[in-house]
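The chain contents come next:
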Amino acid sequence: MTRIEKRSKAVLESMFGVGMAIGPVVGSLLFEAGGFLLPFIVFGCIYIVTGLLFNIIVFGCRTEEHVDPAEKDDTPQVYYKYWDMVRIPAVLWLGVCTFFIYICLTFVLTVLEPYLTQLFIMSHAIIGLIFLVPAATFLLSASIAGILDKRISRKAILIFTLAGGILLALAYFFVGPVYFVNVPPSLALICVSLALLGLGVGFSYGTICSLIFDEARRAGFTNNEAASAVLSAFMMSSIAIGNIVGAAVAGILWDQVGFRMGTVLPLVTALVLILCILAFGTWRILQKPIPDDDEERKPILEEHKRR
């Protein structure tokens with residue numbers, strides 16, 4: 001990715017964190033004020049308005065016929081299919097890692113609210129504020145990952161990815177806490193674990209995005225809009241599948257074994273994620289040296305300057 005694309009990715013992930021932070025708090029306040037339907041009505045109207053504004057802004061941008069002929073790039077456009085991306089082993093491996101990350105995230109978002117109401121007497125507004133903790137730390141860690149991605153080497157990026165996986169495992173070790181830990185649950189321990197969860201997701205997912213783009217480019221993908229679109233679709237499909245599986249399994253385990261016993265699954269998932277990241281890093285380092293960050297981006301930056 002070019003530097004502009006890197007900044008765009010960092011801003012996008014930061015805004016995702018802002019949405020995670022604001023959503024539960026505002027939703028819980030609206031629920032307290034007007035019941036179950038009010039949050040859906042308010043956010044539905046906001047979604048419609050922002051969708052209209054988005055279309056107005058996009059259609060107001062310059063199209064091909066409005067571009068100065070001197071700015072046009074005569075290089076033939078290369079198009080890719082989704083399965084071209086899936087057939088790259090390293091990209092598929094990192095997609096599985098993304099799937100594991102979002103299983104871990106969605107699990108706690110699905111069943112934490114009934115667990116908190118079971119343990120403590122608190123209003124929906126207070127529960128919404130508790131959900132602000134992982135969202136705020138995700139915003140922080142995703143922003144840091146986006147900023148550092150332009151400044152550090154690929155080996156350092158892999159270290160941040162591994163650190164994210166370790167933080168996810170620590171979070172699920174203590175959020176319940178897991179049933180074999182002889183520590184009573186407390187609100188402070190839950191909040192600390194949620195903070196670790198947000199940091200883990202931000203560091204691991206934010207850096208895996210960059211690694212996926214690098215591996216696709218090593219496999220022959222050129223740096224154009226078609227490649228970016230396919231890569232984004234692949235990443236979003238990994239996230240969506242992880243969200244679906246995480247939420248479904250969380251609901252089943254909550255009904256069958258409860259929260260503390262159920263957290264064993266995301267804990268094991270986080271440990272498997274750590275092993276996958278270690279395997280990928282070892283394979284990448286042993287296969288060939290990871291190019292320096294600036295050298296690897298040089299041809300892409302030159303391409304961007306020509307446009």
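Keep in mind the model is a prediction, meaning the values are calculated, not measured. (Residues numbered from 1 in each chain as written. Predicted model: local features only at pLDDT ≥ 70, side-chain atom pairs only at ≥ 80, totals over all residues. Heavy atoms only, no water.)

*Asks:* Just give me the short version of the confidence of the model for the protein, but keep the residues and values in it.
*Replies:* Averaged over every residue, the pLDDT of the protein is 78; residues scoring 70 or more account for 78%. In this model, residues 62–68 is a region of pLDDT below 50 whose contacts with residues beyond four sequence positions or in other chains number 3 contacts. Predicted confidence for residues 290–307 stays below pLDDT 50, and this span has 38 contacts to residues more than four positions away or in other chains. (pLDDT = per-residue confidence, 0-100. Contact = heavy atoms within 4.5 Å.)

*Asks:* Before we move on, could you go through the nonpolar core and cite the residues and values that matter?
*Replies:* Among the nonpolar cores identified, the biggest contains 60 residues, and Met85 and Leu112 are the most heavily contacted of them. When residues of this core are assigned to their parent elements, the largest contribution, 15 residues, is made by helix 4 (residues 89–119). In contact with Met85, not counting residues within four places along its chain, are Val91, Ala216, Phe221, Val230, Leu231 and Phe234. (Core = buried A, V, L, I, M, F, W, Y, C linked by side-chain atoms within 4.5 Å. Buried < 20%, exposed > 50% of the residue type's maximum accessible area, 1.4 Å probe, protein only. Helix = DSSP H or I, 4+ residues; strand = E, 2+ residues; numbered from the N terminus.)

*Asks:* Break down unusual backbone geometry for me, with residues and values.
*Replies:* Following Gly176, the chain continues to Pro177 via a peptide bond in cis, the omega torsion being -10°. Note on placement: Pro177 falls in the loop between helix 6 (154–174) and helix 7 (187–218).

*Asks:* Give a detailed account of the pattern of salt bridges, specifying residues and quantitative values.
*Replies:* Counting across every chain of the model gives 3 salt bridges. The salt bridge partner of Arg217 is Asp214, with a shortest N-O separation of 3.2 Å. Taken together, the residues span about one helical turn, with Arg217 and Asp214 both in helix 7 at a distance of 3 residues. Of the residues examined, Asp214 reaches a relative accessible area of 2% and is grouped as buried. Salt-bridge contacts for Glu215 lead to Arg284; the nearest nitrogen and oxygen are separated by 2.5 Å. (Salt bridge = Lys/Arg side-chain N within 4 Å of Asp/Glu carboxyl O.)

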